[in-house]
Amino acid sequence: RIESDRKDEVLRAVQDLLKSADLSLNDDAKKMMDSNLALKESLERKAAEIESMKDKRELLSQRVMKGIDSFLCPITRDPMEDPVICCDGHTYERSAIEMWLANNSRSPKTNQVLPSRELIPNHALRSFIEAIVE
């Protein structure tokens, strides 16, 4: 309804302008103007759809990057090939955490003292990484 009112208002303004110049707006010109206004409204809707899609793409990209981060060793920031769970509950690349534990008794993520140096293979994460890489 607003679009129709706006179109009528523009049409009246054009007619008034033409009348003041002793000209008239014939039917073909009216049809052309209606067509142009409809096209403009369609383009505005499409532009809004495009912006919405860009926002969705950005959100999806952020989520994907967050998901990819779980495949990276927190020490090396490289993709893990042999992920293991340390007693701090975090997963690391085996070689990286073994090197860390050789010189440190604290968690590389939390800085809390580690009561154990036991490492447990994270089979689920390893299988998932392998499935994605293939």
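A brief structural summary. (Residues numbered from 1 in each chain as written. Predicted model: local features only at pLDDT ≥ 70, side-chain atom pairs only at ≥ 80, totals over all residues. Heavy atoms only, no water.)

For the rest of this paragraph, the subject is the pattern of salt bridges. Under the criterion given, the structure shown has six salt bridges. A salt bridge links R94 to D82; the shortest N-O distance between them is 2.8 Å. You can see R94 sitting in helix α3 (residues 94–103) and its partner D82 sitting in the loop between α2 (27–69) and β1 (83–85), a full 12 residues away along the chain. According to the relative accessible area criterion, R94 is partly exposed, its value standing at 22%. Residue D82 is classed as partly exposed on the basis of its relative accessible area of 22%. For R126, the salt bridge identified is with E130, shortest N-O distance 3.3 Å. Here E130 and R126 lie together in helix α4 (residues 123–133), a separation of four residues that amounts to about one turn. For R126, a relative accessible area of 35% translates into the label partly exposed. The class for E130 is partly exposed, based on a relative accessible area of 40%. Bridged by salt links that share partners, the residues D82, R94, E98, R126 and E130 form one connected network. (Salt bridge = Lys/Arg side-chain N within 4 Å of Asp/Glu carboxyl O. Helix = DSSP H or I, 4+ residues; strand = E, 2+ residues; numbered from the N terminus. Buried < 20%, exposed > 50% of the residue type's maximum accessible area, 1.4 Å probe, protein only.)

With that settled, consider the side chain of S107. Here S107 is to be found in the loop between α3 and β3 (120–121). S107 sits in the buried class, given a relative accessible area of 1%. Residues in contact with S107, not counting those within four places in the same chain, are D88, Y92, W100, Q112 and L114. (Contact = heavy atoms within 4.5 Å.)

So, about the packing of aromatic side chains. On inspection of all chains with the given rule, the structure shows one aromatic pair. For the pair F71 and F128, a centre-to-centre distance of 5.6 Å together with 45° between the ring planes defines the contact as tilted. Residue F71 is found in the loop between α2 and β1, and its partner F128 is found in helix α4; the two are separated by 57 residues along the sequence. Relative accessible area serves as the criterion here: at 15%, F71 is assigned to the buried category. (Phe/Tyr/Trp six-rings, centres within 6.5 Å; stacked < 30°, edge-to-face > 60°.)

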